[in-house]
Amino acid sequence: MEGQLVRFRRNSLTKVAAVALSLTLAATVTACGGDSGGSKSGSGSESKEITIGWVSGWDEDLVATYLWKKILQDKGYKVELKNLDTAPLYAGMAKGDIDVFLDSWLPITHEDYWKRYGDRLEKLGVWYDNAKLTIAVPNYSDLKSLEDLKGKGAQYDGKIFGIEASSGLQRVSSTKMLPGYGIDKEFKVVPSSTAAMLTELKKATDAQKPLVVTLWRPHWAYASLPIRDLADPKGTMGQAEEINIVGRKGFGKDHAEVAGWLKKFRMDDKQLGSLEDLAINKYKGQEDKAVDEWVKANPDFVKSITG
């Protein structure tokens, strides 16, 4: 799955103040809750304000984010959601402007971001461990493997429909998959957006036309559209990855209670698929309603985390 992560910023004034003030004054500022992102309460008790960053187009991120919004709000927390692109989201966490991100694909997809910002972040848990980057085609396609693309560039106008240019999926498919199969002279992974790619995929399958797209697991499209993955015998798209919960440095200390809950968070394909189906297909644009219905249908799920 990858995706598209977009928009943010929060308390640069605090950082400037921290540099200008003496150590004594800095301690006073901290005691008043003035750290990066406003996440520390200073009196030894946890702050009740948490900012979650999320990326558009990555449906597992959308539903996990809104699920945690409900979980935390029901526990008395004030939750702010920040919709960002991948690069600024990681930068925002590293600066302390974003507290948590629930969709960090490691060790491959977000490798570049982790190399750049990892020393200013902390891992808080893995909630899904079979995440994969894929190249998908309609079920009626004659293509079975990525090896079958060689010599077929003209049939597909040299295009593999991709997603956001900043995504790890775009990077891996362009710089590893294409040259790995010797098709980088025939094909280009065309960047667009996740929404645009899915629109093209539905149009193609409805019309029984040929198309090749970048995709990922988990994704609701596998259940809703007649598609399948091309085999990747050379492993250029990488092995199965883990979806990590990542926080800004110090989050676990500042929010020990929440960090403990996050460490217990797990979803299997059935749970995740049913929640995505509600959010994407039944309640599109009304994620809170989707989460409410799902939680009512799965009453023991939240209890297993926060109970």
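Right above here is the structure, for reference.
Residues numbered from 1 in each chain as written. Predicted model: local features only at pLDDT ≥ 70, side-chain atom pairs only at ≥ 80, totals over all residues. Heavy atoms only, no water.

1. Topic: the packing of helix H3 (residues 59-74) against helix H11 (residues 269-282)
Phase 1 of the analysis: Look at H3 against H11: their axes get within 10 Å of each other, and the N-to-C directions meet at 90°. When the axes of H3 and H11 are compared, the pair comes out roughly perpendicular. Contact residues: H3 offers Asp59, Glu60, Leu62, Val63 and Leu67, while H11 offers Leu272, Leu275, Glu276, Ala279 and Ile280.
Phase 2 of the analysis: Here the contact of H3 with H11 is built from residues that sort into seven nonpolar, no polar and three charged. (Axes fitted to C-alpha atoms, helices over the stretch in contact; angles between N-to-C directions. Helix = DSSP H or I, 4+ residues; strand = E, 2+ residues; numbered from the N terminus. Parallel < 35°, antiparallel > 145°, perpendicular 65-115°, else oblique. Contact = heavy atoms within 4.5 Å. Nonpolar A, V, L, I, M, F, W, Y, C, P; charged D, E, K, R; others polar.)

2. Description of helix H6 (residues 168-180)
Phase 1 of the analysis: Taking 1.5 Å of rise per residue, the 13 residues of H6 would be expected to cover 18 Å, and the 17 Å separating its terminal C-alpha atoms lies within 8% of that figure.
Phase 2 of the analysis: Along its length, H6 reaches its greatest deviation from straightness, about 25°, at Ser174.
Phase 3 of the analysis: Those residues of H6 not exposed but buried are Gly168, Leu169, Gln170, Arg171, Val172, Ser173, Met177 and Leu178.
Phase 4 of the analysis: Lining the buried residues of H6 we find helix H5 (111-117), strand S5 (121-138), strand S6 (159-161), strand S7 (188-190) and strand S8 (213-217). (Expected span 1.5 Å × (residues − 1). Bend = angle between axes of the 7 residues up to and from the residue. Buried < 20%, exposed > 50% of the residue type's maximum accessible area, 1.4 Å probe, protein only.)

3. Some remarks on the pattern of salt bridges
Phase 1 of the analysis: The final tally for this structure, using the stated rule, is 14 salt bridges.
Phase 2 of the analysis: The salt bridge partner of Asp97 is Lys95, with a shortest N-O separation of 3.8 Å.
Phase 3 of the analysis: Exposure remark for Asp97: the relative accessible area of 4% places this residue in the buried category.
Phase 4 of the analysis: Of the residues examined, Lys95 reaches a relative accessible area of 32% and is grouped as partly exposed.
Phase 5 of the analysis: A single network of salt bridges, built from pairs that share partners, joins Lys70, Asp74 and Asp292. (Salt bridge = Lys/Arg side-chain N within 4 Å of Asp/Glu carboxyl O.)

4. Overview of the packing of aromatic side chains
Phase 1 of the analysis: Enumeration according to the criterion identifies 12 aromatic pairs in this entry.
Phase 2 of the analysis: Each ring, one from Tyr90 and one from Phe101, has its centre 5.8 Å from the other, and the planes form 80°; the classification is edge-to-face. Here the residue Tyr90 occupies a position in helix H4 (residues 86-95), and Phe101 occupies one in strand S4 (residues 100-106), the gap between them amounting to 11 residues.
Phase 3 of the analysis: Using a relative accessible area of 0% as the deciding quantity, one classes Tyr90 as buried.
Phase 4 of the analysis: Residue classification places Phe101 among the buried residues on the basis of a relative accessible area of 1%.
Phase 5 of the analysis: Taken together through their ring pairs, the aromatic side chains of Trp68, Trp127, Tyr128, Phe265, Trp294 and Phe301 make up a single cluster.
Phase 6 of the analysis: Directly above the aromatic system of Tyr77 lies the positively charged group of Lys48, at a separation of 4.0 Å from the ring centroid.
Phase 7 of the analysis: In this arrangement the basic side chain of Arg217 is found over the ring face of Tyr222, its NZ or CZ atom lying 3.7 Å from the centre. (Phe/Tyr/Trp six-rings, centres within 6.5 Å; stacked < 30°, edge-to-face > 60°. Lys NZ or Arg CZ within 6 Å of the ring centre and 35° of its normal.)

5. Some thoughts on helix H7 (residues 194-207)
Phase 1 of the analysis: The end-to-end C-alpha separation of H7 is 20 Å, in line with the 20 Å expected for 14 residues at 1.5 Å each.
Phase 2 of the analysis: For H7, the complete set of buried residues consists of Thr194, Met197, Leu198, Leu201, Ala204 and Thr205. End-on view of H7: buried residues confined to an arc of 125°, all on one side of the axis. Opposite the buried face of H7, by more than 90 degrees, sit the exposed residues Ala195 and Asp206.
Phase 3 of the analysis: Positive backbone phi, approximately 55°, marks Gln208, located one or two places after H7. (Arc of directions from axis to C-beta.)

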